[in-house]
Amino acid sequence: MSKEKFIKLTSSAVPVQVENIDTDQIIPARFLKATTREGFGDNLFRDWRFDSNNQPIKEFVLNDSKFSGKILVGGKNFGCGSSREHAAWAIYDYGFRAVVSSFFADIFKNNALNNGLLPVVVSDRFLKMIFEKMEKEPKTEFTIDLQNQIISFGNEREKFEINAYKKTCLTNGYDDIDYLLSLIDEIKGFQRLQKAHVEL
């Protein structure tokens, strides 16, 4: 399913300064029954956002009006635990377009990239700077420049790495099938050459 193109994003952010956030905390297992990707954002961090009476927990950052934006900043080892793709769906459906951390679980990272959500890996030092900045100035804006692979705020900036193929998909809004369809003329040309070679 195609997603919106990701080239450069400038936005404020939401900090969840907790290490080892697992996929069951991101989207609890009891909400995995749906067969489509829509609606999962309603239950993002459900057990951290709401109490047993379904009342918002004021102390949790998603319920704090000071913080908003399209960038989620998480502690080290974000997305560990089970391999559920729904975790990436929930974050994207809530409205986030990028997640920043100093380390992502591999399966979560791949699921995010496959669903139009950019995981930005920064150094521990840079992540600490982000959290400190947001604590002082909650409305701080960050820029994630995917083309040049740089995340920045104020005078601070850091380069991040991304797989070249996934970068192409994100900047064009492609999923894997969209990418193959974008090559259809080249594929047909190759088939014609192969057919001509066989006929010789």
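Remember, predicted model here, so these are calculated numbers, not experimental data.

A. Representation of the nonpolar core. Counting residues in hydrophobic clusters, the biggest one holds 52 residues, and the most contacted among them are Ile91, Phe108, Leu118 and Ile144. Sort the elements by how many residues they give to this core and helix H5 (residues 124-136) lands first, with 6 residues. Apart from residues no more than four positions distant in its own chain, Leu118 is found in contact with Phe6, Arg97, Ala98, Val99, Leu113, Ile144, Leu146, Phe160, Ile162 and Leu170.

B. H5, seen in detail. The terminal C-alpha atoms of H5, which comprises 13 residues, lie 19 Å apart, in line with the 18 Å expected from a rise of 1.5 Å per residue. Along H5, the residues that are buried comprise Phe126, Leu127, Met129, Ile130, Phe131 and Met134. On the buried face of H5, the contacting elements are strand S2 (13-16), strand S3 (71-74), strand S4 (98-101), strand S6 (142-145), strand S7 (150-153) and strand S8 (156-159).

C. Quick look at unusual backbone geometry. Positive phi, close to 60°, is recorded for Asn20, a residue that is not glycine. Classification of Asn20 by relative accessible area gives partly exposed; the value is 43%. Of note, the phi angle at Phe45 is positive, near 50°, even though the residue is not glycine. Structurally, Phe45 can be placed in the loop between helix H1 (23-26) and helix H2 (46-49). Its relative accessible area of 0% is what places Phe45 among the buried residues.

D. Region of interest: the pattern of salt bridges. Under the definition given, this model contains 7 salt bridges. We note a salt bridge from Lys66 to Asp64, for which the minimum N-O separation is 3.8 Å. Residue Lys66 is classed as partly exposed on the basis of its relative accessible area of 43%. Across the pair Glu158 and Arg125 runs a salt bridge whose closest N-O atoms are separated by 3.7 Å. Note that Glu158 is positioned in strand S8 and Arg125 in helix H5, a separation of 33 residues in sequence.

Basis of the calculations
- Residues numbered from 1 in each chain as written.
- Predicted model: local features only at pLDDT ≥ 70, side-chain atom pairs only at ≥ 80, totals over all residues.
- Heavy atoms only, no water.
- Core = buried A, V, L, I, M, F, W, Y, C linked by side-chain atoms within 4.5 Å.
- Buried < 20%, exposed > 50% of the residue type's maximum accessible area, 1.4 Å probe, protein only.
- Helix = DSSP H or I, 4+ residues; strand = E, 2+ residues; numbered from the N terminus.
- Contact = heavy atoms within 4.5 Å.
- Expected span 1.5 Å × (residues − 1).
- Salt bridge = Lys/Arg side-chain N within 4 Å of Asp/Glu carboxyl O.

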